[in-house]
Amino acid sequence: AALDPRFRDLKFLSLDDQVDVRDTLITQASVGSSSDIAITSSSEACGEPPAKKRCLLDELLGEGGSDDDDSQSVHSEVGAYLAERPIKRSTDPLSWWQANASRFPRLTNLAK
């Protein structure tokens, strides 16, 4: 229900459960965003990676700060999504996700 923009306020849950759902969304969105990045083969391991590809070594050891940026970005995206007012119940949630995919890219992937 958290990814249904008609019910995203989660009023039907206790405050503790709402926090748990938020944390789960952050975790799932973080996992989804890191799996969207292709890892290069060992033959390309330390060359200049093409756009949206990361060096295997960088993937394993981190790039120094990018994980913090990604984590902050995921927290911001989930927070912004949950802070918005729910849409009308008569509105098609799939159409809403299609129209808002650029605003909430990680959550859009989860909603699919």
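Scroll up for the structure.
Conventions adopted
- Residues numbered from 1 in each chain as written.
- Predicted model: local features only at pLDDT ≥ 70, side-chain atom pairs only at ≥ 80, totals over all residues.
- Heavy atoms only, no water.
- Helix = DSSP H or I, 4+ residues; strand = E, 2+ residues; numbered from the N terminus.
- Contact = heavy atoms within 4.5 Å.
- Areas by Shrake-Rupley, 256 points an atom, 1.4 Å probe, with all protein chains shown as cover.
- Salt bridge = Lys/Arg side-chain N within 4 Å of Asp/Glu carboxyl O.
- Buried < 20%, exposed > 50% of the residue type's maximum accessible area, 1.4 Å probe, protein only.
- Core = buried A, V, L, I, M, F, W, Y, C linked by side-chain atoms within 4.5 Å.
- Phe/Tyr/Trp six-rings, centres within 6.5 Å; stacked < 30°, edge-to-face > 60°.
- Patch = residues over 30% accessible without salt bridge, like charges linked within 9 Å, V, L, I, M, F, W, Y side chains within 5 Å.
- Lys, Arg positive; Asp, Glu negative; His and termini not counted.
- Charge placed at Lys NZ, Arg CZ, Asp CG, Glu CD.

Some details on the overall build of the chain
Of the regular secondary structure elements, the chain holds five helices and two strands. Ordered by position from the N terminus, the helices and strands of the chain form the series α-β-β-α-α-α-α. Considering only intrachain contacts with a sequence separation of at least 6, the fraction spanning at least 24 residues in the chain is 56%. As displayed, the chain offers around 7,400 Å² of accessible surface, 52% of which is attributable to carbon and sulfur atoms.

Some points on the pattern of salt bridges
In a structure, side chains of opposite charge can pair up when their charged atoms sit close to one another. One pass over the full model with this rule turns up five salt bridges. Between Asp4 and Arg6 there is a salt bridge, with the nearest N and O atoms lying 2.6 Å from each other. In this structure, Glu84 engages Arg103 in a salt bridge whose closest nitrogen and oxygen atoms are separated by 1.9 Å. Of this pair, Glu84 sits in the loop between α3 (66-83) and α4 (93-99) while Arg103 sits in the loop between α4 and α5 (105-111), placing them 19 residues apart in sequence. On the basis of relative accessible area, Arg103 is assigned to the partly exposed category, the value being 43%. Among the ionic contacts, a cluster of salt bridges with common partners joins Arg8, Glu84 and Arg103.

Structural notes on the nonpolar core
Most often, soluble globular proteins have nonpolar side chains that are buried together. Counting 14 residues, the largest nonpolar core has Leu25, Val78, Tyr81, Trp96, Trp97, Phe104 and Leu107 as its most contacted members. Setting aside its immediate chain neighbours within four residues, Val78 contacts Arg22, Leu25, Ile26 and Leu107.

Here's the deal with the packing of aromatic side chains
Taken as a whole and assessed by the stated rule, the structure comprises six aromatic pairs. With a centroid separation of 5.6 Å and an interplanar angle of 75°, the aromatic rings of Tyr81 and Phe104 are classed as edge-to-face. With Tyr81 in helix α3 and Phe104 in the loop between α4 and α5, the pair connects residues that are 23 residues apart, well separated along the chain. Members of the aromatic cluster, each reached through a chain of ring pairs, are Tyr81, Trp96, Trp97 and Phe104.

Focus: a negative patch on the surface
Judged by side-chain charge, Asp16, Asp17, Asp20 and Asp23 come together as a negatively charged surface patch. Within the fold, Asp20 resides in helix α1 (residues 15-35). Taking relative accessible area as the criterion, Asp20 reaches 45% and is therefore assigned partly exposed.

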